Amino acid sequence: MKSLKRIEQIISDISPDLSDKSRTELLRLCKRAEVEELHLTQRLEQAVMEKAVIHSLLQKASDELIEKYRTIFEQSGVPMVILTNEGVMVRANSHFSTLFNIRSPSAEAEIRFFDLLSGSDQEIVFKCFQARNEEKSSHCEITHYDKEGTARYLAINIGVLPDGRESIVSIHDITELKNQRAELTTHKDRLETLLNLYQMTDEPESSVALFAIQKGAMLTSSRLGFICFLNQEEEQITIEALWSEDEGQNRKKPAIRQMALQLVDIPAFVKLIRSKNPVVLTTTSASDELIRKILVMEKKVKRVLLIPIIDQERVVAIAGVADKPSSYQEADQLQLSVLIAGMWRLIIRSRQEEALRTANKKLTLLSTLTRHDILNLTTALIGYLEISREMTEDPELLLLMKKEAAVVQSIGEIITFTRDYEMVGMKTPVWQEIGTIFAKVSSSLVDEGINVRSVVDGIWIYADPLLARVFANFIDNSIRHGHQISTISLTFERIGDGLILIYTDDGEGVAAGEKEKIFLRGYGRHTGLGLFLIREIFAITRITIRENGVPGEGVRFEMKIPHGSYKQFGFSDHQGDYHVQEGGKL
C-alpha cells in the first residue's frame, strides 16, 4: 500500500508534463493495483488460517492414529515387541511381558530379545531376524518353556517397520494347534495299527500280543511294553510278550519270555485285578520292583502304566508300558486300552475259529463215516430185495418189494444230498465262465433229440465252485419233469447295474401256486432237494433265483447277479464288434 502511495505522489509531481489522458490512465492503474494488493493480502491471511486449521487436524489425526496403533499393539491379545536393527527391545506389550515373565516393558530397553530364549531357540530366531526384509516378513517356530516348566509351541513372525530402523515381532501360541495335529496323527497311527492288527488272523497268539504291545509302547512314547495272561484261577501269570525300545533299535528279535510268576509276588497286579481299573506306578522303587520281576532286567524305570483286559467281568490279562519320559496321561490309558482290547478280540476270535474248525472237522468226519456206513447198508438192502424178488412170483409181494426198493433209493439220494449240501460254502467262491460250464454239463446229460441254446459265452460270475451242479440240476429237472421237451436255453439280460441269467425249457412249466414252494426243502415229486440246494449255492455270493415262467409253456429260472459279481468280455454282438462290460473286479 505504501508503494502505491509513493507512485501516486510521483505521478502528481510529474503531472504538469503529462497529458490529462495519460495522468488519468496512470491513476486508474494505481487504484486497480491497490485493489488487487488488498485481495492478495486477504487471500494470504485466509491461507495462513487454513494452514493452521489443517495442521491442527493433522496433529489430531496423528495423535488418534498413534493411539489407535498403541491400543492395537497392547490389546491385540498377541505378544508383540518392537526391536532395533540390533535386536534390542524398544517397546513390548503386556502379553509379551507375561509370556517371558518380564516385570516392566520399560525396563528392558537395553535387553536383546534373543537373550530371553534358550540356546537352540536363539539360533533359530536370530536366523529368522536376519532373513526379514522390507517387502516380506520372516517366520519360524520354537518351543518355549514357561515359568511352570510347561512346553509352549510358539510361531514367530518378524517384519520391518516403514522407517526401516525398527522391526516388529508378533508371537502366536500354537500349542493347541500342535496338540490337535499330534492327536490326529496319533488317531491315524492307532487306526492303522488296529487295521494291521485285525489282518493278523493267521498269526499265533504270541505274535499278535507282541505286535500289539510294541505298537502300544510306541503310541504312548514308552520304552518298554509287556503283556501277561492270567490262568483261570487268577493265581499265576504268564509273560506272553515283551518289547523294549533298546531291542528294537538294535534290530534284534524282540524278547518273548514265556515265564510263569505267582500273582501274590506282584502286589501291583493284585491291586489291578481287584479294582479292574488302570494303575499308574510312579514311585521308583515300586516301578523297579515290578520291572525286575516281569522284565528280568536291571534297567531303572520312572513310571509304569498297567491296563487290565477284562472278559466276562474277569481280568484275563494285563498289559503294561513303562519308562515314558513324561507322566502318563489319560490319553495314554485310552490309547493302550483301545489297542489291547482290539488285540484280545482278535485272540478270542482266533480261538473261537480254531474251536469251530476243530468241531467242524469232527462233524465232517462223523458225517462222512455215517454216510459211508448207511450207503453200504442201503446197497446191501437193495441186493437182498433183488434176491427176494427172484424168490417169489406173488404180485402183492413184488409190488411191496418195489416200493421198498424205491424207499431205499430215496434214502440213498437223501444221504448223497447231505454230502452235496455239506460242500456248499466249504470252498472259497471263484470266478467261473458260465458258457464253458453249461456246455460241458449239457453235453453229458442232454439226449440228441433236445436242442441246446446258449448265448452266454464270455460271461464270468463269482460263485461257489458247485455252480456246475446248479446247471446239472436244471437240466435233470427239465428232462425228468418237462415231458417231451425239445429245447433248453441259457441266456442273459441286463437290468440296472446287474445281470440276469435265464434258464428256460419248452416243457410243462411250473404251476402258479408252486413257484416259491419248489425252492423249499422236501417239496416236489422227487426228493425235493435239488432246487433248495441251488438257492443255497447261489446265496453264498448274494445271487437270487426265482421261477418266472408261464405255466404250460416251460420253466423260466431267473438268476440275478449283483454288481461286482459278474464280468463280461470278448462278447461279439450281431455286428461282429467286441465289447468289454465290467460288472465287478476279475
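Computed from a predicted structure; not experimentally measured.

Asks: Kindly report on the pattern of salt bridges, identifying the contributing residues and their values.
Replies: Should their charged atoms come close, side chains of opposite charge can pair. Inspection of every chain in the model, using the stated rule, returns 14 salt bridges. Where R351 meets E205, a salt bridge forms, and the shortest distance between an N and an O atom there is 2.6 Å. Placement of R351 in helix α10 (residues 330–390) and of E205 in helix α6 (residues 205–219) is noted, with a sequence separation of 146 residues between them. Owing to a relative accessible area of 38%, R351 belongs among the partly exposed residues under this scheme. For E493, the salt bridge identified is with R556, shortest N-O distance 3.6 Å. Placement of the pair is E493 in strand β15 (residues 487–495) and R556 in strand β18 (residues 556–561), with a sequence separation of 63 residues. The partly exposed category is assigned to E493, whose relative accessible area is 41%. R556 sits in the partly exposed class, given a relative accessible area of 25%. Here the salt bridges do not stand alone but share partners, grouping E493, R546, R556 and E558 into one network.

Asks: Account for the state of the cysteines, naming residues and giving values.
Replies: Tallied over the full model, the rule gives zero disulfides. No disulfide involves C128; its sulfur sits 3.5 Å from the nearest other cysteine sulfur, which is in C140. Look at C128 and you get buried, because its relative accessible area is 5%.

Asks: Which residues make up a nonpolar patch on the surface, and what are the values?
Replies: Side chains of Y384, I387 and M391 sit close together on the surface and give an oily, nonpolar patch of about 400 Å² of accessible area. Looking at where M391 falls in the secondary structure, it is placed in the loop between α10 and α11 (395–423).

Asks: Give me the nonpolar core: which residues, what numbers.
Replies: Residues I461, F471, F474, L501, Y503, F557 and M559 are the most contacted members of the largest nonpolar core, which totals 38 residues. Elements that contribute at least two residues to this core include exactly α12 (434–445), β14 (459–463), α13 (467–481), β15, β16 (498–505), α14 (530–539) and β18. The residues contacting M559, other than those within four sequence positions of it, are F474, L490, L499, I500, L501, I502, Y503, F538, I543, T544 and I545. Counting residues in hydrophobic clusters, the runner-up holds 30 residues, among them V208, W243, I307 and L346.

Asks: Give a description of the sheet that holds β16 that names residues and reports values.
Replies: Reading across the sheet, the five strands line up as β13-β15-β16-β18-β17 and stay open at both edges, with mixed pairing between neighbours. The sheet is open, and its two edges are formed by β13 (451–454) and β17 (544–547), each paired on a single side. Ignoring which end each strand starts from, the neighbouring axes of this sheet average 20° apart. Here β13 runs beside β15; their pairing, made up of four bridges, is parallel. Paired with N451 across the bridge in β15 is T487. Here α12 sits on the sheet and contacts β13, β15 and β16; the angle it forms with β13, its principal contact strand, is near 170°.

Asks: So what's going on with the side chain of H144? Which residues, and what values?
Replies: The topology assignment puts H144 in strand β3 (residues 138–145). On the accessibility criterion, H144 (11% relative accessible area) is buried. When sequence neighbours within four positions are dropped, the list of residues in contact with H144 reads L99, F100, D121, T150, A151, R152 and L154.

Asks: Hey, could you go over unusual backbone geometry for me, with residue numbers and the actual values?
Replies: Look at Q312: it is not a glycine, yet its phi comes out positive at around 55°. Position of Q312 relative to the elements: it lies in the loop between β10 (304–311) and β11 (314–322). Classification of Q312 by relative accessible area gives exposed; the value is 75%. Positive phi outside glycine occurs at E313, with the angle close to 65°. Take E313: it is sitting in the loop between β10 and β11.

Rules and cut-offs
Residues numbered from 1 in each chain as written. Predicted model: local features only at pLDDT ≥ 70, side-chain atom pairs only at ≥ 80, totals over all residues. Heavy atoms only, no water. Salt bridge = Lys/Arg side-chain N within 4 Å of Asp/Glu carboxyl O. Helix = DSSP H or I, 4+ residues; strand = E, 2+ residues; numbered from the N terminus. Buried < 20%, exposed > 50% of the residue type's maximum accessible area, 1.4 Å probe, protein only. Disulfide = S-S within 2.5 Å. Patch = residues over 30% accessible without salt bridge, like charges linked within 9 Å, V, L, I, M, F, W, Y side chains within 5 Å. Areas by Shrake-Rupley, 256 points an atom, 1.4 Å probe, with all protein chains shown as cover. Core = buried A, V, L, I, M, F, W, Y, C linked by side-chain atoms within 4.5 Å. Contact = heavy atoms within 4.5 Å. Pairing = 2+ DSSP bridges. Axes fitted to C-alpha atoms, helices over the stretch in contact; angles between N-to-C directions.

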